[in-house]
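Coordinate analysis (summary)
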Amino acid sequence: MKRWLFVRLISLVFCSSSVSFAQGSIAVPFVTIHPAPHLNGMAGAFTALPTADPFGQFFNPAQLAIFARQNNFSVQFYPQKTRWLPQFTFHDFTFSSAAAAFGYSSDKILRDVPLSIAAGFVNSRLDLGKLVWTDEAGNQLGTFHSDETYQQFSFGMGLDWYIKFNMGFALKNIKTNLYPANVGTEDQKKDRSARTIDYGFLLIIPATDRLNVKGFSCSSLGQVQPFFDLSFGFSVLNVGDEMYYIDKDQADPFPRTAAIGYGLSMGLDGLVWDTRLRLIKADWSSEARNLLVERNTDETWDYVAFPGKINLKDHVLLGKYDQNIAIYQGYRFQALEFIEYSFGYFRGGGYHPYIKTQGIQISSTGPGKIFSARIDHLILKELLNRLSVSYVWSKYSSTETSHPLSGTEFQGFTLTLRGLF
């Protein structure tokens, strides 16, 4: 009984802060934690908004095809672990993650039709610290270190034919270690493993290309070209059967989640010191998510078919939320491919009050292109053109400072290589 109560307590802690659990408890809720320091600034609303961030595959594996169109390799990691649920007294609860992506884009496979392919990897760990095992009377029986991890392997492919089609698939290998194999044995683990799959689709309509929008002249920047893109996407995450921790008769469903959204991107491309840059860019994204698990009156459960209770008009287009549907919205502003500010929120589906997000990123991409055009050193020139480094910080906050997620901060460094092949 002690073991079971402990596991349920840990599960409920995360159920209160990761996704909507109005329908009941689920297995491995830690896999719903957003691991992306950069994308978390926009509330993680990246089911439909294109991104080259290597963590984009977590929200929609189709994002890998976006990455491959301009990049060959990227890795993002935490310089230090994130303290998880900082409002609680669990000082040794930490979360950390890293992501990598490999991409290639060519029109040689299909004549005059660019094809992009990419593979990605995400490794996340939730460290629950060193815990003490006790009996009913409170006597210490032993100690053990508890954690949960997953490795995600993803594949994405994109096809450019008037509009941009992107699709992706991912496999998660999940391992939990919530209680010891033998009470009284120091740090002996009792692991339980599982696998789930993700899949998604992302469609991008470059409206300026379709409308043949012309640039305009600016005395200080030369020819300036506006752009405007529309995007639509969906993903289904954590598709699996069921998982139990101790008792097979008390198995729980995985947090199978449907997400549908759309995004808008606009801005200006132009010249800075004879170097073509993305001068300014603004993004907006909105999506609806629903946990595809339904609890019955007899405490049994069933998975429901995609898209669950998501209504395209009310939830996706109008952004309405309720106890079953969570809405994620984000905004982002970039300048000179150098500095970026983002903010957003998510609410509904069990989030009360709503969680606000914000983030800042500084990248070497823009300055690198400018300096590369003004120097003659061949090796340094190529390095500045092909390599970029960025730092990002993001944070969760709430109108109720005691909310478990309030004050959670993420930091990340990204290294990206492009133009290698």
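Along every chain, residues carry numbers that run from 1 in the direction the sequence is written. Since the coordinates come from a predicted model, pLDDT governs what is reported: local features require at least 70, and pairs of side-chain atoms require 80 or more to be given and counted, while whole-chain, interface and lining totals use all residues. Hydrogen atoms and water are omitted, and side-chain values are computed over all heavy atoms in the structure.

1. Some remarks on the overall build of the protein
Helix and strand labels come from DSSP, where a helix needs a run of H or I of at least four residues and a strand needs a run of E of at least two; each type is numbered from the N terminus. Helices and strands together make up the secondary structure of the protein, namely seven helices and 18 strands. Only heavy atoms enter the contact rule, under which two residues are in contact if any of them lie within 4.5 Å. Across the protein, the fraction of contacts at a sequence separation of at least 24, relative to all contacts at a separation of at least 6, is 65%. Accessible surface, the protein: about 19,000 Å² in total, of which carbon and sulfur atoms supply 59%. The Shrake-Rupley method, run with a 1.4 Å probe sphere, supplies the accessible areas, and residue values consider only the shown protein chains as cover.

2. Quick look at a nonpolar patch on the surface
The grouping of Phe-333, Leu-336, Phe-338, Ile-339, Tyr-341, Phe-343, Ile-360 and Ile-362 at the surface amounts to a nonpolar patch, some 680 Å² of accessible area in total. Of all the secondary-structure elements, those providing two or more residues to the nonpolar patch are β15 (339-348) and β16 (351-363). By residue number, the principal contributor to the nonpolar patch is β15, which donates three residues. Like charges within 9 Å and nonpolar side chains (Val, Leu, Ile, Met, Phe, Trp, Tyr) within 5 Å are joined into patches, using only residues over 30% in relative accessible area that form no salt bridge. We define a salt bridge as a side-chain nitrogen of Lys or Arg found within 4 Å of a carboxyl oxygen belonging to Asp or Glu.

3. Some thoughts on the packing of aromatic side chains
Between rings of Phe, Tyr and Trp, where Trp is taken as its six-membered ring, a pair exists when centres lie within 6.5 Å; planes separated by under 30 degrees are stacked, by over 60 edge-to-face, and by other angles tilted. This structure, assessed with the given rule, holds 21 aromatic pairs. When the centroid spacing of 6.4 Å and the interplanar angle of 65 degrees are considered together, the rings of Tyr-78 and Phe-95 count as edge-to-face. Of this pair, Tyr-78 sits in the loop between β1 (73-77) and β2 (82-83) while Phe-95 is found in strand β3 (residues 94-106), placing the two residues 17 residues apart along the sequence. Comparing Tyr-78 with Phe-95, the two get one shared label, buried. Ring centres 5.1 Å apart and planes at 50 degrees place the aromatic pair Phe-121 and Phe-153 in the tilted group. Here Phe-153 lies in strand β5 (residues 140-161) and Phe-121 lies in strand β4 (residues 115-134), a separation of 32 residues in the sequence. Whether a residue is buried, partly exposed or exposed follows from its accessible area with a 1.4 Å probe, protein chains only, as a fraction of its type maximum: under 20%, in between, or over 50%, in that order. Take Phe-121: its relative accessible area is 28%, and that puts it in the partly exposed class. Using a relative accessible area of 42% as the deciding quantity, one classes Phe-153 as partly exposed. Among the aromatic residues, those joined into a cluster by ring pairs are Tyr-78, Trp-84, Phe-95, Tyr-328, Phe-346, Tyr-396 and Phe-410.

4. Focus on the packing of helix α6 (residues 365-372) against helix α7 (residues 378-386)
When two helices pack together, their arrangement is captured by the angle between the axes and the distance separating the axes. Where α6 meets α7, the closest approach of the two axes is 8 Å, and the angle between their N-to-C directions is 150 degrees. Compared by their axis directions, α6 and α7 come out roughly antiparallel. Along this stretch, α6 crosses α7, giving a crossing that reads as left-handed. Side by side, α6 and α7 meet where Gly-368, Lys-369, Phe-371 and Ser-372 of the first sit next to Lys-381, Leu-384 and Asn-385 of the second. The classification used treats Ala, Val, Leu, Ile, Met, Phe, Trp, Tyr, Cys and Pro as nonpolar, Asp, Glu, Lys and Arg as charged, and all other residues, Gly among them, as polar. Class assignment of the residues belonging to the contact of α6 with α7 gives a composition of two nonpolar, three polar and two charged. Geometry is summarised by axes, namely lines fitted to C-alpha atoms with helices restricted to the contacting stretch, and by angles between N-to-C directions that run from 0 to 180 degrees. For classification, angles of less than 35 degrees are called roughly parallel, those exceeding 145 degrees roughly antiparallel, those between 65 and 115 degrees roughly perpendicular, and all remaining angles oblique. Helix crossings get a hand from a simple test, with the near helix turned counterclockwise from the far one by less than a right angle marking a left-handed crossing and a clockwise turn marking a right-handed one.

5. Some remarks on a negative patch on the surface
Judged by side-chain charge, Glu-294, Asp-298, Glu-299 and Asp-302 come together as a negatively charged surface patch. Along the chain, the position of Glu-294 falls in strand β12 (residues 293-295). The exposure class of Glu-294 is partly exposed, given its relative accessible area of 35%. Only four residue types enter the tally: Lys and Arg on the positive side, Asp and Glu on the negative side, with His and both chain ends excluded. Taken as the charge location is NZ of Lys, CZ of Arg, CG of Asp or CD of Glu.

6. What about the nonpolar core?
Buried Ala, Val, Leu, Ile, Met, Phe, Trp, Tyr and Cys residues form a nonpolar core when they are joined through side-chain atoms within 4.5 Å. Within the largest apolar cluster, 38 residues are counted, with the highest numbers of intra-cluster contacts made by Val-28, Phe-30, Trp-84, Leu-126, Tyr-150, Phe-346 and Leu-405. Broken down by secondary-structure element, the contributors of at least two residues to this core are α2 (56-59), β3, β4, β6 (163-180) and β14 (325-335). Formed by 12 residues, the second largest nonpolar core is a distinct cluster that contains Val-236, Val-239, Ala-288 and Ile-325.

7. A few points about the side chain of Thr-149
In this structure, Thr-149 sits in strand β5. When its relative accessible area of 16% is taken as the criterion, Thr-149 is described as buried. With sequence-adjacent residues up to four places away left out, Thr-149 is seen in contact with Phe-30, Ser-124, Arg-125, Asn-173, Ile-174 and Lys-175.

8. Focus: the environment of Val-75
Residue position: Val-75 is located in strand β1. Residue classification places Val-75 among the partly exposed residues on the basis of a relative accessible area of 23%. Sequence spacing of Val-75 and Phe-102 is 27 residues, and the spatial spacing of their C-alpha atoms is 9.1 Å.

9. Focus: the pairing of β14
A regular strand places its side chains on the two faces of the sheet in alternate fashion. Here a strand pair is declared whenever DSSP counts at least two bridges between the two strands. Pairing analysis gives 11 bridges linking strand β11 (residues 275-291) to β14, with the strands arranged antiparallel. When the bridges of β14 are listed, Asn-290 appears paired with Ile-325. When β14 meets β15, the two strands line up antiparallel, connected through 10 bridges. The partner of Gly-330 across the bridge, within β15, is Gly-344. Here β14 folds back onto β15 in antiparallel fashion, the turn holding three residues, of which Leu-336 has a positive phi close to 55 degrees.

10. What about unusual backbone geometry?
Residue Pro-307 is bonded to the preceding Phe-306 through a cis peptide linkage, with omega at 5 degrees. Here Pro-307 is to be found in the loop between β13 (301-303) and α5 (312-317). A positive phi angle is found at Val-28, which is not glycine, with a value near 40 degrees. Structurally, the position occupied by Val-28 is in the loop between α1 (2-15) and α2. A relative accessible area of 0% means that Val-28 is categorised as buried.

11. Quick look at the environment of Gly-158
Among the secondary structure elements, Gly-158 is positioned in strand β5. Separated by 43 residues in sequence, Gly-158 and Phe-201 have C-alpha atoms that sit 9.8 Å apart. When neighbours within four sequence positions are excluded, Gly-158 is seen to be in contact with Ala-65, Arg-69, Pro-114, Leu-115, Ser-116, Phe-165 and Asn-166.

12. Quick word on the environment of Asp-269
In this fold, Asp-269 is placed in strand β10 (residues 257-272). On the basis of relative accessibility, which here comes to 16%, the residue Asp-269 falls in the buried class. In this structure, the C-alpha to C-alpha distance between Asp-269 and Leu-279, residues 10 residues apart in sequence, is 5.3 Å. Residues in contact with Asp-269, not counting those within four places in the same chain, are Gln-223, Val-224, Gln-225, Phe-227, Arg-276, Leu-277, Arg-278 and Leu-279. A polar contact is formed between the side chain of Asp-269 and the side chain of Arg-278, at a distance of 2.8 Å. The definition of a polar contact used here is a pair of N or O atoms within 3.5 Å, where within protein one atom must be able to donate a hydrogen and the other to accept one, and adjacent residues in sequence count solely through side-chain atom pairs.

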